[in-house]
Amino acid sequence: MIHIINASYISSFPSYDTLPSHNLFECCFIGKSNVGKSTLINTLCHQKKLAKTSQEPGKTQLLNLFKIDFKTTKTKEFFYMVDLPGLGYAKLSKKQRGVMTKMVFDYLEKRNHLKYIFYLADARHVPLEDDLNILRFLIENNTEFGIILTKADKLKPAQLDLSLTQYKNILKTHLPYIPKIIYTGLKMPSQYLAILSEIETRLHE
Ligand SMILES: Nc1nc2c(ncn2[C@@H]2O[C@H](COP(=O)(O)OP(=O)(O)OP(=O)(O)O)[C@@H](O)[C@H]2O)c(=O)[nH]1
Ligand SMILES: [Mg+2]
């Protein structure tokens, strides 16, 4: 298993083609505003303020690049994570929303360095048509991706089971296959290991 030993913020970029070039693994976190993308990056990296979070949706507005130092039993290496603005943040003007949506989708579609996408959604809600459209886009775009259902700590175990089943059932009827699903929540360390394991299997592909 990989261990993240350090993580640093590199910079924020306004478009996919202004991000620096590299030849390492890069993954990103997408999803609607406020689902917990920035919080997840901080938890994975054991830092409270690496990626900026907020109770107010719409905190992340640019493509934020982080360098992640990790070690295995044999080596020390690094890869990159990108924190993305939330999709469909209602309080922005239509024009601003359009700019941000284009920034995110251009990044997903055109960033050659991007090797894996984590699609985050709130474990308390079933996927809606807009979620399904994004998932269909990811499938059509041929990028490898997985789903992370966040805020599972807000559900009782039986409710979480039910939510997961309902989520999968809806995907089954609307998508050609069910992607890998991991749930996370505060104080659920094994789930974070499952995410690192997804990253680890793809680091050197
Ligand atoms: N209980 C609980 N709260 C969470 C979890 N993940 C995130 N939150 C809270 O949800 C709020 C939003 O978290 P962010 O990480 O800022 O969400 P985001 O997806 O980055 O939001 P944008 O940058 O606006 O797109 C914060 O108040 C977090 O503390 C979780 O797993 N459990
Ligand atoms: Mg954020």
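Description of the structure in this document. (Residues numbered from 1 in each chain as written. Chains lettered and ligands numbered in written order. Predicted model: local features only at pLDDT ≥ 70, side-chain atom pairs only at ≥ 80, totals over all residues.)

### Side note on the overall build of the protein chain
A count of helices and strands for the protein chain gives 5 helices and 7 strands. Order of helices (α) and strands (β) in the protein chain, N terminus to C terminus: β-β-α-β-β-α-β-α-β-α-β-α. Scaling as 2.2 N^0.38, a compact globule of 205 residues should have a C-alpha radius of gyration of about 17 Å, and the protein chain matches this with 16 Å. Viewed in the frame of its principal axes, the protein chain has a C-alpha envelope of about 40 × 40 × 35 Å. Here the protein chain holds 205 residues, and 33% of them are scored as buried. For the protein chain, the proportion of contacts with a sequence separation of at least 24, taken over those separated by at least 6, is 73%. (Helix = DSSP H or I, 4+ residues; strand = E, 2+ residues; numbered from the N terminus. Rg over C-alpha atoms; globule rule 2.2 N^0.38 Å. Buried ≥ 20, exposed ≤ 12 C-beta atoms within 10 Å, placed from the backbone. Contact = placed C-beta atoms within 7 Å.)

### Here's the deal with the site of ligand 1
Around ligand 1, the structure places 23 residues, and the nearest of them are G36, T39, T53, T60 and G86. Looking at the shell around ligand 1, the element that brings in the most residues is helix α1 (residues 37–44), giving 3 residues. Looking at the shell around ligand 1 residue by residue, the classes come out as 4 nonpolar, 14 polar and 5 charged. (Near = placed C-beta within 6 Å. Nonpolar A, V, L, I, M, F, W, Y, C, P; charged D, E, K, R; others polar.)

### Here we look at the environment of L40
With respect to the secondary-structure elements, L40 resides in helix α1. Along the sequence, L40 and A51 sit 11 residues apart, while their C-alpha atoms lie 9.0 Å from each other. If near-sequence neighbours (up to four positions away) are discounted, L40 is found in contact with F29, L120, I148, T150 and T184.

### Here we look at the environment of K76
Note on placement: K76 falls in strand β4 (residues 76–83). With 74 residues separating them in the primary sequence, K76 and I2 have C-alpha atoms 9.5 Å apart. In this structure, K76 is in contact with D69 and K71, ignoring residues within four places of it in sequence.

### Details of the nonpolar core
Counting residues in each nonpolar core, the largest one holds 45 residues, and the members touching the most others are C28, I41, I117, Y119 and L120. At 6 residues, the largest contribution of residues to this core is made by strand β5 (residues 114–122). Those residues in contact with I41, other than ones at most four positions away along the chain, are F29, L50, A51, F66, M81 and D83. (Core = buried A, V, L, I, M, F, W, Y, C linked by C-beta atoms within 7 Å.)

### So, the sheet that holds strand β2 (residues 26–31)
Overall, mixed pairing links the 7 strands, which are arranged β1-β3-β4-β2-β5-β6-β7 in an open sheet. At either end of the open sheet lies a strand with only one pairing partner, and these are β1 (3–13) and β7 (181–183). The average undirected angle you get between the axes of adjacent strands in this sheet is 25°. With 6 bridges joining them, β2 and β5 adopt parallel strand pairing. (Pairing = 2+ DSSP bridges. Axes fitted to C-alpha atoms, helices over the stretch in contact; angles between N-to-C directions.)

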